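Here's the letter readout for the chains.
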Amino acid sequence: MSSDLPSRNRPGSSTLGIHGGEAARQPGAPVVPPLVQSATFLWGKPSDGELLYSRYGNNPNQQALARKVAALEGTKAATVLASGMGATAMTLLALTTSGDHIVASKLLYGATQSLLGTELPRRGVETTFVEPDGGRTWRGALRPKTRVLFVETPTNPTLRIVDPRPLSELARERGIVLVMDATFASPVNLRPAELGVDVVIHSATKYLSGHSDLIAGVVAGPAELIAEVTRVSRLYGPAIDPHACWLLDRGIRTLDVRMGRHNENALELARWFEAQPLVERVFHPGLESHPDHALARELLSGFGGMLSLVLKGGGEAADRFTAALKLAVVAPSLGGVETLVSQPRYTSHAALSPAELAAQGIADGFVRISVGVENVEDLRADFAQALEALAA
Ligand SMILES: Cc1ncc(COP(=O)(O)O)c(C=O)c1O
């Protein structure tokens, strides 16, 4: 942020989303950062300074965005990569080596589960999955070679809230690293670093970008850890294209106002769904019926734009409900301005068996809704006519 701006302890998220990491202002400088769509940069000899190359993550768009993300998360450093999975994979490759061990929450995005459960073991890194709530289960799973605790909050798709504070104490005690995927919260609703999380990951494809038009991921944390993630990323190569970076920066400028509307719309619809006779259960951290409601009130500054339902009538009812929607779009992913509806058994958790789905609380008839920023009355009308179609 420009040094001319008045400083207080921490500027608000809306200010940081627009000005975070900004270079000092010079007369004639463009108000919007220019897109530097160049793979390489003039460089002839070591005295020319750092060698710039867009795979290295040091293109001006990549660097400015990394500074903005670090400002939003309140961490020393950050890096921006080509996808959320790229961010998770590079972080875990940076933190572990063959023979090491990870303890992870059982409640994770499906691809993260596969990365930890089947892919990393091929490289000699094993993971023990635990029930996420309570420090005791985590402590019991530790081994001498445990290097990382990995958790997601709110969880996909049951929206459980995991308290990082006892995990952070455990990580400090053992000299290991606590990593959190906070994609569902966004940096507006939750700032994990303030609660003791060492490394924060987001699929920036979701709320950070906010328009369902790009794929990206971010990793924020201490400078030396981010330097290691950057070193590994330069070798594996998941660099983000400058144009995607430019679009992501533009999306982040409105993150705070978008999150405000996502939070409002989702809470209102969650309360409405709870009163519908064809709905068996609603999952949303803002509802008193949610198992982590008290914790959500304590840790989050907004309950988020995600909600899930279990419809009476099981999978067949879920298929009929989604087929009847006219305004909400039936598609995977989340966090965009448009409302997206999906069934995790077909999408994010398609790799899980029926027993594994049930163990994660994904009952037959489960529907996940990423509530967008449309007029909430229009959304309610669409969901009401889809429920009527179900009753018919
Ligand atoms: C919680 C969470 N983390 C990570 C990812 C992966 O993100 P990307 O698709 O950007 O690789 C997703 C994707 O849905 C997600 O929901």
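Residues numbered from 1 in each chain as written. Predicted model: local features only at pLDDT ≥ 70, side-chain atom pairs only at ≥ 80, totals over all residues. Heavy atoms only, no water.

### Focus: the side chain of Q113
Our working rule: For helices the rule is a DSSP run of H or I covering at least 4 residues; for strands it is a run of E covering at least 2, with both sets numbered from the N terminus onward. Remark: exposure states derive from per-residue accessible area (1.4 Å probe, protein chains only) relative to the maximum for the residue type, with buried under 20%, exposed over 50%, and partly exposed in between. A 3.5 Å cut-off defines polar contacts: any pair of N or O atoms within that distance qualifies, except that in protein one atom must be a possible hydrogen donor and the other a possible acceptor, and neighbouring residues in sequence count only when both atoms are side-chain atoms.
Relative to the helices and strands, Q113 is located in helix α4 (residues 110-119). Its relative accessible area of 13% is what places Q113 among the buried residues. Within polar-contact distance, the side chain of Q113 engages the side chain of Q360 at 3.4 Å.

### Focus on unusual backbone geometry
Excluding glycine, most residues fall at negative phi; most peptide bonds, likewise, are trans. Across the junction of T153 and P154, the peptide omega takes the value -20°, indicating a cis bond. As for its placement among the helices and strands, P154 is situated in the loop between β4 (146-152) and α6 (164-174). A cis amide bond, omega 5°, links N156 with the succeeding residue P157. Within the fold, P157 resides in the loop between β4 and α6. Although it is not a glycine, S186 sits at a positive phi angle of roughly 70°. In this structure, S186 sits in helix α7 (residues 186-189). Non-glycine residue S333 carries a positive phi angle of around 80°. Relative to the elements of secondary structure, S333 occurs in the loop between β10 (329-330) and β11 (340-342). Under the relative-accessibility criterion, S333 is labelled partly exposed at 24%.

### Overview of the pairing of strand β1 (residues 77-81)
Rules: Strand pairing is assigned whenever DSSP detects at least two bridges linking the two strands.
Along β1, five of the five residues are buried, which leaves the element largely enclosed by surrounding structure. Side-chain alternation along β1 places A77, T79 and L81 on one buried face and A78 and V80 on a second face that is also buried. Summarising the sheet, β1 and strand β7 (residues 217-221) pair through five bridges and their orientation is antiparallel. Note on β7: the bridge partner recorded for A78 is A220.

### Concerning the site of the ligand
Formally: A molecule or strand has a residue near it when one of that residue's heavy atoms lies within 4 Å. Residue exposure ignores everything except the shown protein chains as possible cover, and the areas themselves are Shrake-Rupley values with a 1.4 Å probe. Note on residue classes: Ala, Val, Leu, Ile, Met, Phe, Trp, Tyr, Cys and Pro are nonpolar, Asp, Glu, Lys and Arg are charged, and everything else, Gly too, is polar.
Close to the ligand lie 14 residues; G84, M85, D181, S203 and T205 are nearest. D181 is positioned with one of its side-chain polar atoms (N or O) 2.6 Å from a nitrogen atom of the ligand. Relative to its unbound accessible area of 400 Å², the ligand is 91% covered by the protein chains. For the shell around the ligand, a count of residues per class yields five nonpolar, six polar and three charged.

### Description of the sheet that holds β1
Operational definition: To get an axis, a line is fitted to the C-alpha atoms, and for a helix only the part in contact is used. The angle between two axes follows their N-to-C directions and goes from 0 to 180 degrees. Any two residues having at least one pair of non-hydrogen atoms within 4.5 Å are treated as being in contact.
Strand order in the open sheet made by the seven strands is β1-β7-β6-β5-β4-β2-β3, with mixed pairing throughout. The open sheet has two edge strands with one neighbour each: β1 and β3 (126-130). On average, each strand axis in the sheet is tilted by 20° relative to the strand beside it, whichever way the strands run. As defined by bridge partners, strand β2 (residues 101-105) adjoins β4 across four bridges and the pair is classed as parallel. Bridge pairing links I102 to V148 in β4. Those strands touched by helix α3 (residues 84-95) are β1, β2, β4, β5 (177-181), β6 (199-203) and β7, and its axis lies near 155° from that of β6. Sitting on the sheet, α4 is in contact with β2, β3 and β4, with an inclination near 130° to β3.

### Observations concerning the pairing of strand β12 (residues 366-370)
For β12, a buried count of five out of five residues is recorded, marking the element as mostly surrounded by other parts of the structure. A two-sided burial pattern is seen for β12, the buried positions comprising F366, R368 and S370 on one face and V367 and I369 on the other. Sheet topology note: the strand β9 (residues 306-311)/β12 ladder contains five bridges and is antiparallel. Opposite V310, over in β12, you have F366 as the bridge partner. Bridge count between β11 and β12: three bridges; the pairing is antiparallel. Across the sheet, residue V341 finds its bridge partner in β12, namely I369.

### Some words on the domain arrangement of the chain
The cut-off we apply is this: Domain start and stop points were drawn from an automatic or database domain assignment. Summed over both partners, buried area is the accessible surface (1.4 Å probe) that two parts give up on being assembled.
Looking at the chain, the domain boundaries give domain 1 (13-252) and domain 2 (256-391). Taken over C-alpha atoms, the centre of domain 1 sits 26 Å from the centre of domain 2. With 36 residues of domain 1 in contact, the opposing surface of domain 2 contributes 41 residues. For the pairing of domain 1 and domain 2, the buried interface totals around 2900 Å² over both sides, and the portion due to carbon and sulfur atoms is 57%.

### Quick look at the layout of surface pockets
Rules: A 1.4 Å probe that fits into a set of points on a 1 Å grid over the protein atoms alone but cannot get out defines a cavity; an open set with protein on both sides within 12 Å along at least five of seven lines defines a pocket, and lining residues are those with an atom within 4 Å of a point. Grid points are joined across faces, edges and corners, and a volume is the space filled by probe spheres set on the points.
Put simply, the largest pocket is a space of about 580 Å³. Those elements giving two or more residues to the lining of the largest pocket turn out to be α1 (13-19) and α2 (60-73). At six residues, α2 tops the list of elements feeding residues into the lining of the largest pocket.

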